[in-house]
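Read off the chains here:
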Amino acid sequence: MHTLTALAASLPADTLAPATETVQAGIFLVTPLLVGLPLASAAVLLLLGRRADRWGHWLGVLASSAAFVFGVVAFLRLVERPSDQRTLLVPIGTWIDAGSFHVDAGIRLDPLSLTFVLLVTFVGSLIHVYSVAYMDHDRDRRRFFAYLNLFVAAMLLLVLADSYLLLFVGWEGVGLASYLLIGFWNHHTPYAVAAKKAFVANRVGDVGLIVAMGLMFAHFGGLDFETVLGGAADPALAGVSEGTMTAIGLMLLLAACGKSAQFPLQSWLGDAMAGPTPVSALIHAATMVTAGVYLIVRSGAVFEAAPDAQLVVVIVGAITLLFGAIVGCAKDDIKKALAASTMSQIGYMVLAAGLGPVGYAFAIFHLVTHGFFKAGMFLGAGSVMHGMDDQVDMRRFGGLARYMKVTWLTFMMGWLAILGIPPFSGFFSKDKIIEAAFIPTDGQEWRAWVFGGVALLGAGVTAFYMSRLFFMTFEGDRRWSARKDGSEQHPHESPALMTWPMIILAVGSVGLGLVLATGSRFVDWLSPVTGHAEHGEPVLPAGVLMGLTLGLVVVGLVLAWRRYAVSTVPVVPPVGTALTRAARVDLYQDAVNDALLVEPGEHLTRSLVFADRTVVDGAVTGVARVTVGLGSLFRRAQTGYVRTYAATMLAGLVVLLVVVLAVQS
Amino acid sequence: MSFTQPDSIEWAAMSPVIIVLGAAVVGVLVEAFVPARARRITQLAIAFAATIGAIVAVAALWSGTRRDGGTMVLGGALVVDGPALVLQGSIAVLTILSLLVIADRTATGEDAFAPTAASVPGSDYEELARRKGLEQTEVYPLVLFAAGGMLIFPATADLLTLFVALEVLSLPLYLLTGMARRRRLLSQEASLKYFLLGAFASALLVFGIALVYGYAGTLNYGEIAAVTEDPTGLDTLLLVGAVLVLAGLLFKVGAVPFHTWTPDVYQGAPTPITGFMAACTKVAAFGALLRIYYTVVPGLQWDLDVMMWTVAIATMVVGTVVALVQTDVKRLLAYSSIAHAGFILTGIVALNPAGVSSVLFYLLVYGVATVGAFAVIWLVRERTGGSDDDDPRGSVLGEATHISQWAGLGRTHPALATAFTLFLLSFAGIPLTAGFIGKFTVFSAAVDGGAWPLALIGVLASAAAAFFYVRIIVLMFFTAPHGESDEAAAAAAADELSPEPGPAEPALVGTGVVEAGVVETGADVATPEGGVATLVAVRPVTTTTTVVPSEGFAAVAIVLCAAATILLGVFPQPVLDLIADMATFLR
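About the criteria used
- Residues numbered from 1 in each chain as written.
- Chains lettered and ligands numbered in written order.
- Predicted model: local features only at pLDDT ≥ 70, side-chain atom pairs only at ≥ 80, totals over all residues.
- Heavy atoms only, no water.
- 1 Å grid on protein atoms, 1.4 Å probe; cavity = no way out; pocket = protein on both sides within 12 Å on 5 of 7 lines; lining within 4 Å.
- Points joined across faces, edges and corners; volume = space filled by probe spheres on them.
- Helix = DSSP H or I, 4+ residues; strand = E, 2+ residues; numbered from the N terminus.
- Nonpolar A, V, L, I, M, F, W, Y, C, P; charged D, E, K, R; others polar.
- Pairing = 2+ DSSP bridges.
- Axes fitted to C-alpha atoms, helices over the stretch in contact; angles between N-to-C directions.
- Contact = heavy atoms within 4.5 Å.
- Buried area = accessible area lost by both parts, 1.4 Å probe.
- Salt bridge = Lys/Arg side-chain N within 4 Å of Asp/Glu carboxyl O.
- Parallel < 35°, antiparallel > 145°, perpendicular 65-115°, else oblique.
- Left-handed = near helix turned anticlockwise from the far one by under 90°.
- Buried < 20%, exposed > 50% of the residue type's maximum accessible area, 1.4 Å probe, protein only.
- Phe/Tyr/Trp six-rings, centres within 6.5 Å; stacked < 30°, edge-to-face > 60°.
- Lys NZ or Arg CZ within 6 Å of the ring centre and 35° of its normal.
- Core = buried A, V, L, I, M, F, W, Y, C linked by side-chain atoms within 4.5 Å.
- Polar contact = N/O pair within 3.5 Å; in protein donor to acceptor, adjacent residues only side chain to side chain.

Comments concerning empty space enclosed by the protein
Residue and element names in this part refer to chain B. By the definition in use, this model includes 17 cavities of 30 Å³ or more. Secondary-structure elements contributing two or more residues to the lining of the largest cavity are helix 10 (261-268) and strand 4 (396-399). Of the residues belonging to the lining of the largest cavity, the class tally is 6 nonpolar, 5 polar and 9 charged.

As structure tokens, this is what we get:
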């Protein structure tokens, strides 16, 4: 609780509208290179083709690391400035100038975007290094690094853009990179299908962003953040109704749902695990899937002007966090379990982002710590797969702690962090979200109880399924299957290029939360963007909440310990309860989508094709037939006899005369 | 009616006409006095000099006319005003382009005209003349006479001069139509038909003139217009007279129901002459029609509108619909020209200044594309033999006019096919070609003038017309060449939408006697309609399609026409401005 009060106290009124400054000269002018370097590297790798095979991956690592260095420099220069002068605009040039539609392309550097830059480039660079070893045996490693660089460039563009339109370019760019990487092994049909599924689900969300941009342009006359968010800060002044703001907010939420795998567009994330594991770690855990949270926080002013949309955001976050947690309890595929966990954790962030200014900073805080520990765990899962001949079924793991010490220890750090055990980093971020959820909004206590309760319950379930995952993999008996070639499994630790990134991320999982939370540093840092938080008291005292949370976490952990570490885990999954069976198939989400969307869609297209064939084509060919028939008829008149011709002329003349005279009289 | 000696004669104002007609007379003398060897070159020099002189004369008169609106000459028989000069300039330019095609003897060394037009087709005498390599260089004076008549036609200021000019331009055309080197019977039949029907139309015109004179007591346009504004009890007389005069002119432009001669004559006439006739006659006749409708009978607009609307709609619909089922390129373009006449009529019906300038522009761009298209047709020929040992290359015959024979031309002769495609696209009114700008200006003038139903029908007809233009383009570029293994498929594609070749129409039609294969055309029987389709079956399989290289003239004409079609489509504004400046009639 003291953090919240500290937050409120640390925000003098004059930081409400931080001054933005357009950079004309200086070190910040090179910030476009943040996007440019990885993009250029991707282009080189793709254009050179096989000629770059020998050194291409190192170029990729270099581009990503260089972007990180730039990010650090920018961060250091920004920190030097007073906190209300940390929003910088770096113009790139006029992008679109068509009549009244004018968009300038530019970079917006502020604490929020820079936080993302650092997260993306740091975690990204580590994962680049990890991938050098992980993809060592893949003949298309260079192409893989090209896509990774493309992703980094697009993600940086997404967070650095100074307008929704430029953000949309990055938004589509990460979607493309995600599609390419999920389907990286697209010779395997299910993987290609998974890539397509992700692409389509993301398109649904993109429509939301496009519609939102259309509404913004129609009502605010621009698409840059200054115009839109400035206008949204006082909609009445801009002459925009609350209904419009709600519509914009819901459309932005739709976009966020697509990108961040939130209910009801969550179905693609589990299948996206078809991609190579580093991709799952970087794109589908640490960065891209959190773009939706970024969008909501960035558009904070819009949501504050639309309380109804905000409520929907919280509801979506709450549903997803439970949904992911329940699914995570039943999955036996280690990556899919982690994916469900990602979905659930992002649900926490979305829930926090829906709480308004009080939650924004914690949403981003959790996003950062989650980026570390979840990426670390994905890399750990990759390491396990590396040592276990690409086995992903946790029922065929067990007792790996002795064979893969580094992986075991680093994974444990991530596990403790996600559980929220103090003083690991997840404790500082997640606990604050739960606390914030218990603060009544607009004096409505029911909301505090409902959403706070869900968040609290989620923490317990999270503890259960993450412990289940950890124990099934590293503790208990060995349940190893034979290798693909029939020989025995020989689990082994991964090479240093893979373990070091895991170690670094594990260090972050342990200490980052404490470092950033001390003296509410992170919250202060973000305050120019997230704005002033209203002072509110949770319905239960903060200490009680913390105790309840920890209690539930311990209950979940102990349950999992008794079932998966002490007792024997069956190799063949038991039938289980109805809930387990439902959770195994993602709570029937695909069946629901098929029944609600796919099949009606197919019927619609089929009937449209039928209508096209019979009605449209029929009309066209019918007209053609009638015309040709008419033509043949007229052609008959062209007999070749002069007398007929003359008669035709005479008859025509008589008709014309009769008509003229009839009209005249 | 009294004829008075004009006080002074404005020779300068008449200079375009005088130069061309004078050159024609000189051309006749050349035929009499210049040795045969030098005749062709002399005639060419005279013809080109005359037409270029006419353009120079028009240019010289231009600025003065723009300043003072023009003058009446010869005591009100002729008028030199803006529209007259624009039309005369267009006619002169198109005549030069046509002359280039007419003059081209191609690589075969044979021009489009019979060695001795007076000989009986298939006679020994004809064969002798052919072997001696005789040429009918009278063609050039005839073309100049026709062109002279055309220059007068749109500049007439009284009905009598109108009639005289009509005859001056028509009689040479009747002759020229009958002078084709190949398929001579078809050509002569076309000539006779053209003459008979033309005489019929002239009779209508003269009858109309008589009735109008009976009502107005004058032949002068301005005086008739003054009288029509103040109607008396006898206006039925005037109305019938006006309808008959318009009918005479509508015959010349080929508007329905006075269009029946067009396909037969276009098909039968020597191809270069078809191009000349289609382009220049249309310009001249529409010029005269425009002047009469705008300056003589505007007082009768409410009565005549119903006629013009009927004719315009019928012309667009019939031209388009019948063109859909054509299988002969020349006939197809004939029907296309009928449809275009309908489009131009919508601009005339508009009865506003925009209507005048749009029609003037349309005539120019249509003429340019037409001359170019017929020039291309002139070069696409049939070739026999080829497989015979004694005749390895085969001999070149007449134009390959069945559209199935055009299959694959885009692969074998891409440049020529591209040029033809360009002309077809211009006919269809596809943007970035001159035809689009023409159609656009005409239809927008019609809409401004309240004739939007006409514009609507025009747009629909254009859409339907695009089908048969594009069909040829598809045939040229996306079908295997004629004579290759899928010849049958090509023919089938060409005939896809055409019905069965019709119930056995009489093979001997009108004056038509089947050419008995004596002339090189071999078994080439071309009956006026439908019979052409039958022809595919009887054509010897050894006939292939070939393109004879141009002697140079036709190639220049095609290049110029293509360039103009693109330029007027992409940068039409200077020409549009030029014409809009001059679009006021001197009343």
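Still more to cover.
What to know about the sheet that holds strand 5 (residues 544-547) of chain B
Residue and element names in this part refer to chain B. Strand order in the open sheet formed by 3 strands is 4-3-5, and the pairing between neighbours is antiparallel. A strand with exactly one partner marks an edge of an open sheet, and here the two such strands are strand 4 and strand 5. Averaged over all adjacent pairs, the angle separating strand axes in this sheet is 45 degrees, with direction ignored. Relative to strand 4, strand 3 (residues 380-383) is paired through 2 bridges, and the arrangement is antiparallel. Bridging from a neighbouring strand, Arg381 pairs with Glu399 of strand 4.

Remarks on the interface of chain A and chain B
Each side of the interface is counted separately: chain A has 27 residues, and chain B has 46 residues. Taken together, the two surfaces of chain A and chain B that pack against each other cover about 3,200 Å², and 77% of this comes from carbon and sulfur. Per-residue buried area on chain A facing chain B is highest for Arg635, Gln638 and Met649 of chain A; these three make up 24% of the total on that side. Joining chain A to chain B, the criterion identifies 0 salt bridges.

Overview of the packing of helix 7 (residues 184-216) of chain B against helix 9 (residues 235-253) of chain B
All names here are of chain B. Running from N to C, helix 7 and helix 9 cross one another at 155 degrees; their axes reach a closest spacing of 7 Å. Relative to helix 9, the element helix 7 lies roughly antiparallel. Considering the relative orientation of helix 7 and helix 9, their crossing is left-handed. The residue inventory of the contact of helix 7 with helix 9, partitioned by class, reads 18 nonpolar, 5 polar and 2 charged.

A few points about the environment of Ile91 of chain B
All names here are of chain B. Mapped onto the secondary structure, Ile91 falls in helix 3 (residues 82-103). By relative accessible area, which is 0% here, Ile91 ends up buried. Measuring from C-alpha to C-alpha, the distance between Ile91 and Gly367 comes to 8.8 Å, with 276 residues separating the pair along the chain.

Thoughts on the pattern of salt bridges
Taken as a whole and assessed by the stated rule, the structure comprises 36 salt bridges over all chains. Here Arg468 of chain A and Asp332 of chain A are joined by a salt bridge, their closest N and O atoms 2.8 Å apart. Of this pair, Arg468 of chain A sits in helix 20 (residues 445-474) while Asp332 of chain A sits in the loop between helix 15 (307-330) and helix 16 (334-354), and the two are 136 residues apart along the sequence. Like Asp332 of chain A, Arg468 of chain A is buried. Look at the salt bridges and you will find they share partners, linking Glu110, Asp111, Glu127, Arg130, Arg131, Arg181 and Arg182 of chain B into a network.

Focus on the packing of aromatic side chains
All names here are of chain A. Across all of its chains, the model carries 38 aromatic pairs over all chains by this definition. Here Phe427 and Phe428 contribute two aromatic rings whose centre-to-centre distance is 5.2 Å and whose plane-to-plane angle is 75 degrees, an arrangement assigned as edge-to-face. In this structure, Phe427 and Phe428 share a single accessibility class: buried. Here the basic side chain of Arg203 rests over the ring of Phe199, its NZ or CZ set 4.1 Å away from the ring centre. Above the ring of Tyr641, the side-chain terminus of Arg643 is found at 4.2 Å from the ring centroid.

Quick notes on the nonpolar core
Residue and element names in this part refer to chain B. Formed by 202 residues in total, the largest nonpolar core has its most connected members in Phe153, Ile292, Leu345, Ile348 and Phe420. Per element, the largest residue contribution to this core is 19 residues, and it comes from helix 14 (residues 353-379). When residues no more than four places from it in sequence are discounted, the contact partners of Phe420 are Val329, Ala373, Val376, Ile377, Trp406, Ile472 and Met476.

Quick notes on the side chain of Asn149 of chain A
Residue and element names in this part refer to chain A. In this fold, Asn149 is placed in helix 5 (residues 141-160). Within the structure, Asn149 has its side chain in polar contact with the side chain of His128 (distance 3.2 Å). When sequence neighbours within four positions are dropped, the list of residues in contact with Asn149 reads Pro38, Ser41, Ala42, Leu45, Gly60, Ala63, Ser64 and His128.

Considerations on the sheet that holds strand 3 (residues 101-109) of chain A
All names here are of chain A. Taken in spatial order, the 3 strands line up as 1-2-3 in an open sheet, and their pairing is mixed. Sheet topology places strand 1 (20-22) and strand 3 at the edges, where each strand pairs with a single neighbour. Pairs of neighbouring strands in the sheet enclose a mean axial angle of 45 degrees, with direction left out of account. Summarising the sheet, strand 2 (residues 87-98) and strand 3 pair through 9 bridges and their orientation is antiparallel. Within strand 3, the residue paired with Val90 across the bridge is Ile107.

Shape is all these values report; function is a separate question.
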